[in-house]
Amino acid sequence: PGPVCGVVMTAALLPFETQLRCRLQRKPRRLLGDRVVSLELQMLRIFGRTSSSNTQKVLWALHELGLRERCTFEPTSKRIGSGSELLCELSGHEPFGQSKAFLSACGPSATIPVLVDSAQGREDVCVWESNSIVRYLAQAYGPAPLFDGTPGGLAEASSWMDYALSGNDYTPCWGSTNHWLIDEVARTPCEHRDRARVKRYHEDFVILAARVSSHLVASGRPFLTRQGFSVADIAIGCELNRHVQCAIVAQRDGLIDAQLTSSHFRGVITSSSGTLLGEDTYMGRLLSRRAFREQVWLNEAKHTALAKTGHLQELQGAQLPHERVVAVMREGIIG
């Protein structure tokens, strides 16, 4: 027989569907802001893969909110096998972590990341889709530093988050560009890479980056919205980080002529004076944030092998130095 509601059980012993629907007795409890939360079960569980840019968004948000110690990360992947950076069909490795049935119980897309929050009332809260998870965290555990706490501020930031998901494969869009570039550059052996595909989606990335550049230059703001750093920058920042690292590696491997110092990237990567990744550039400001460096940049550098030229082993400490990261990026951009 299945578990009975009201009986204290270890969460790992319950089927996931039961965890989502069964009211468990949770105590002791304590206040978190104006909410009473449980200390008996782990507060936040994240299912995902650190080399997934969507998972990186969630990890970045958690660290900005200071929730690192309240979170359990459970590695889960359908496309990349354990012990490999290659696609399962190319490496022969098996998917790892939670099953497709588990992910399907969370949401119809059956994809990572997934957040299960055991702290919000007596029912577990399950959130799927990365931007929805980031917005949920901002509202449940923020607002600072992820938005200004107003409906208008969240709507302004959400517009950028939705923009990162908009488009289709017939016009330049972040999703297709992200998917095809990373699959070719990091997840496919060199001898099997499709050069024409890399070139096409890099060109689409240049168009997308130019749009962000135009907005930043015209607005004169350091970040995307009037409120300063927000969830908008988490969504767009993860996309830019992936595309820039893919472009650097593709250029290094002779797949494209990246030209990341061109005017298309002004305000994003280069300043008006031509300085790379300075404090007056968008990527430079993101790199100055420790949560971004450690949860986004470094995880992506491991995946793309960007930091081979920068001695990745030097960057594994608890304190990831801003100056060293910028030096590795500059080295890659200028060759």
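Preceding block: the structure.
Let me sum up the structure you'll find in this document. Just so it is clear, the structure is predicted and the values come from calculations on it, not from any experiment.

## Structural notes on the sheet that holds strand β4 (residues 71-75)
Strand order in the open sheet made by the four strands is β4-β3-β5-β6, with mixed pairing throughout. A strand with exactly one partner marks an edge of an open sheet, and here the two such strands are β4 and β6 (125-128). Each neighbouring strand pair of the sheet contributes to a mean axis angle of 15°, computed without reference to strand direction. Pairing of strand β5 (residues 114-117) with β6 involves four bridges; the strand directions are antiparallel. The partner of valine 116 across the bridge, within β6, is cysteine 126.

## Concerning the nonpolar core
In this structure, Leu137, Leu240, Leu260, Ile269 and Trp297 are the most contacted members of the largest nonpolar core, which totals 81 residues. Per-element accounting of this core gives the leading share, 13 residues, to helix α9 (residues 231-252). By size, the runner-up hydrophobic cluster in this structure holds eight residues, among which are Phe102, Ile112, Val114 and Val116.

## A word on the pairing of strand β3 (residues 44-48)
Across the five residues of β3, five count as buried, placing the element largely inside the fold. Sheet analysis places β3 next to β4, joined by five bridges and oriented parallel. When the bridges of β4 are listed, arginine 45 appears paired with threonine 72. For the crossover that starts at β3, traverses helix α2 (residues 53-64) and ends in the parallel β4, the hand is right-handed.

## With respect to the environment of glycine 107
Secondary-structure assignment places glycine 107 in the loop between α4 (100-106) and β5. A relative accessible area of 5% means that glycine 107 is categorised as buried. Placed 19 residues apart in sequence, glycine 107 and cysteine 126 show a C-alpha to C-alpha distance of 8.9 Å.

## With respect to helix α8 (residues 195-219)
Given a rise of 1.5 Å per residue, 25 residues ought to cover 36 Å, and the 36 Å separating the end C-alpha atoms of α8 matches this to within 8%. Buried within α8 we find Val198, Tyr201, His202, Asp204, Phe205, Val206, Leu208, Ala209, Ala210, Val212, Ser213 and Leu216. Buried residues along α8 sit against α6 (151-163), α7 (174-185), α9 and α10 (282-287). Capping the start of α8, aspartate 194 holds a side-chain oxygen 3.1 Å from the backbone nitrogen of alanine 196, two or three residues further along. Just past α8, the residue glycine 220 takes up positive phi, approximately 70°.

## Overview of the packing of α7 against α8
Between two packed helices, what matters for the description is the angle formed by their axes and the separation of those axes. Contact geometry for α7 and α8: axes closest at 9 Å, N-to-C directions at 135°. Considering their axes alone, α7 and α8 lie oblique with respect to each other. Crossing of α7 against α8: the hand is left-handed. Every residue of α8 that contacts α7 at Trp174, Ser176, Thr177, Trp180, Leu181 and Glu184 is listed here: Arg197, Val198, Tyr201, His202, Asp204, Phe205, Leu208, Ala209 and Val212. Looking at the contact of α7 with α8, its residues break down into nine nonpolar, three polar and three charged.

## Quick look at the pattern of salt bridges
Using the criterion set out here, one finds 13 salt bridges in the structure. The salt bridge partner of arginine 290 is glutamate 294, with a shortest N-O separation of 2.7 Å. With arginine 290 and glutamate 294 both in helix α11 (residues 290-304) and four residues apart, the pair spans about one turn of that helix. Overlapping salt bridges bring together Arg68, Arg290 and Glu294 as one network.

## Some thoughts on the packing of aromatic side chains
Scanning the model with the defined rule gives nine aromatic pairs in all. Ring centres 5.8 Å apart and planes at 85° place the aromatic pair tryptophan 160 and tyrosine 163 in the edge-to-face group. Highlighted residues: tryptophan 160 and tyrosine 163, both in helix α6, separated by three residues, approximately one helical turn. Every member of this aromatic cluster is reached through a ring pair, and the members are Trp60, Phe223, Phe229, Tyr282 and Phe292. Over the face of the ring belonging to tryptophan 180 we find arginine 197, whose NZ or CZ atom lies 3.9 Å from the ring centre.

Rules behind the numbers
- Residues numbered from 1 in each chain as written.
- Predicted model: local features only at pLDDT ≥ 70, side-chain atom pairs only at ≥ 80, totals over all residues.
- Heavy atoms only, no water.
- Pairing = 2+ DSSP bridges.
- Helix = DSSP H or I, 4+ residues; strand = E, 2+ residues; numbered from the N terminus.
- Axes fitted to C-alpha atoms, helices over the stretch in contact; angles between N-to-C directions.
- Core = buried A, V, L, I, M, F, W, Y, C linked by side-chain atoms within 4.5 Å.
- Buried < 20%, exposed > 50% of the residue type's maximum accessible area, 1.4 Å probe, protein only.
- Right-handed = clockwise from strand over helix to strand, strands pointing away.
- Expected span 1.5 Å × (residues − 1).
- Contact = heavy atoms within 4.5 Å.
- Polar contact = N/O pair within 3.5 Å; in protein donor to acceptor, adjacent residues only side chain to side chain.
- Parallel < 35°, antiparallel > 145°, perpendicular 65-115°, else oblique.
- Left-handed = near helix turned anticlockwise from the far one by under 90°.
- Nonpolar A, V, L, I, M, F, W, Y, C, P; charged D, E, K, R; others polar.
- Salt bridge = Lys/Arg side-chain N within 4 Å of Asp/Glu carboxyl O.
- Phe/Tyr/Trp six-rings, centres within 6.5 Å; stacked < 30°, edge-to-face > 60°.
- Lys NZ or Arg CZ within 6 Å of the ring centre and 35° of its normal.

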